[in-house]
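Analysis of the macromolecular model
Spelled out, the chains give:
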Amino acid sequence: MPQFLSSLKMSRSLEMLDCTLRRAGQIDGITVIAELLAEELTLRENRRIKAALLLARPPVIKMTAGFDYFF
């Protein structure tokens, strides 16, 4: 199974495989697969958001603490 996860470039699922399989006696096979896929999707979504923010180059966040209210 690890070679399939590597071939599919599912790095997070590969990392979580041992931990999830240790619990496999307590949960059914579908739940194991669902947990691995959920971890992978979470990782990919976080990477996508991080890349989008880097690409967008948003301006510096300005806080109200530095605002001159007496102007």
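In this report, the structure presented in the accompanying data block is examined. (Residues numbered from 1 in each chain as written. Predicted model: local features only at pLDDT ≥ 70, side-chain atom pairs only at ≥ 80, totals over all residues. Heavy atoms only, no water.)

Brief notes about the overall build of the protein
Operational definition: Labels follow the DSSP assignment, with helices taken as runs of H or I lasting at least four residues and strands as runs of E lasting at least two, numbered in each case from the N terminus. Radius of gyration: over C-alpha atoms. The globule rule applied is 2.2 Å multiplied by the number of residues raised to the 0.38 power. Only protein chains enter the area calculation, which uses a 1.4 Å probe; residues under 20% of their type maximum are buried, those over 50% are exposed, and those in between are partly exposed. Note on areas: Shrake-Rupley, 1.4 Å probe, and residue coverage restricted to the protein chains presented here.
Helix and strand content of the protein: three helices and zero strands. Written out in order from the N terminus, the α and β elements of the protein read α-α-α. In terms of C-alpha radius of gyration, the protein reaches 20 Å, well past the compact-globule figure of 11 Å for 71 residues. Taken along the three principal axes of its C-alpha coordinates, the protein extends 65 × 25 × 15 Å. Taking all 71 residues of the protein together, 13% fall into the buried category. Carbon together with sulfur atoms contributes 66% to the accessible area of the protein, which is approximately 6400 Å² in total.

Concerning the packing of helix α2 (residues 11-22) against helix α3 (residues 29-56)
What counts here: Only the contacting stretch of a helix is used when fitting its axis, a line to C-alpha atoms as for every element, and angles between N-to-C directions run 0 to 180 degrees. What makes a crossing left-handed is the near helix being turned counterclockwise from the far one by less than a right angle; a clockwise turn instead makes it right-handed. Residue contacts follow a heavy-atom distance rule, with two residues in contact if any of their heavy atoms lie within 4.5 Å. Note on residue classes: Ala, Val, Leu, Ile, Met, Phe, Trp, Tyr, Cys and Pro are nonpolar, Asp, Glu, Lys and Arg are charged, and everything else, Gly too, is polar.
Taken N-terminus to C-terminus, the directions of α2 and α3 make an angle of 145°; their axes are 9 Å apart at the nearest point. In terms of crossing hand, the pair formed by α2 and α3 is right-handed. In this structure, α2 contributes Ser-11, Arg-12, Ser-13, Met-16, Leu-17, Thr-20 and Leu-21 to the contact, and α3 contributes Val-32, Glu-35, Leu-36, Leu-37, Glu-39, Glu-40, Leu-43 and Arg-47. Split into classes, the residues belonging to the contact of α2 with α3 amount to seven nonpolar, three polar and five charged.

Details of the pattern of salt bridges
Short version of the rule: The rule for a salt bridge is simple: a side-chain nitrogen of Lys or Arg has to be within 4 Å of a carboxyl oxygen of Asp or Glu.
Going through the model one piece at a time under the given rule, you end up with five salt bridges. Among the salt bridges present, the one from Arg-12 reaches Glu-15, with a minimum N-O distance of 3.1 Å. Within this pair, Arg-12 and its partner Glu-15 are both found in helix α2, separated by three residues, close to a single helical turn. Relative accessible area serves as the criterion here: at 25%, Arg-12 is assigned to the partly exposed category. Look at Glu-15 and you get exposed, because its relative accessible area is 55%. Note that Glu-45 is salt-bridged to Arg-48, the shortest N-O span being 2.6 Å. One end of the pair is Glu-45 and the other is Arg-48, both in helix α3 and three residues apart, which spans about a single turn. Taking the relative accessible area as the measure of exposure, Glu-45 reaches 37% and is therefore partly exposed. Given a relative accessible area of 47%, Arg-48 falls into the partly exposed group.

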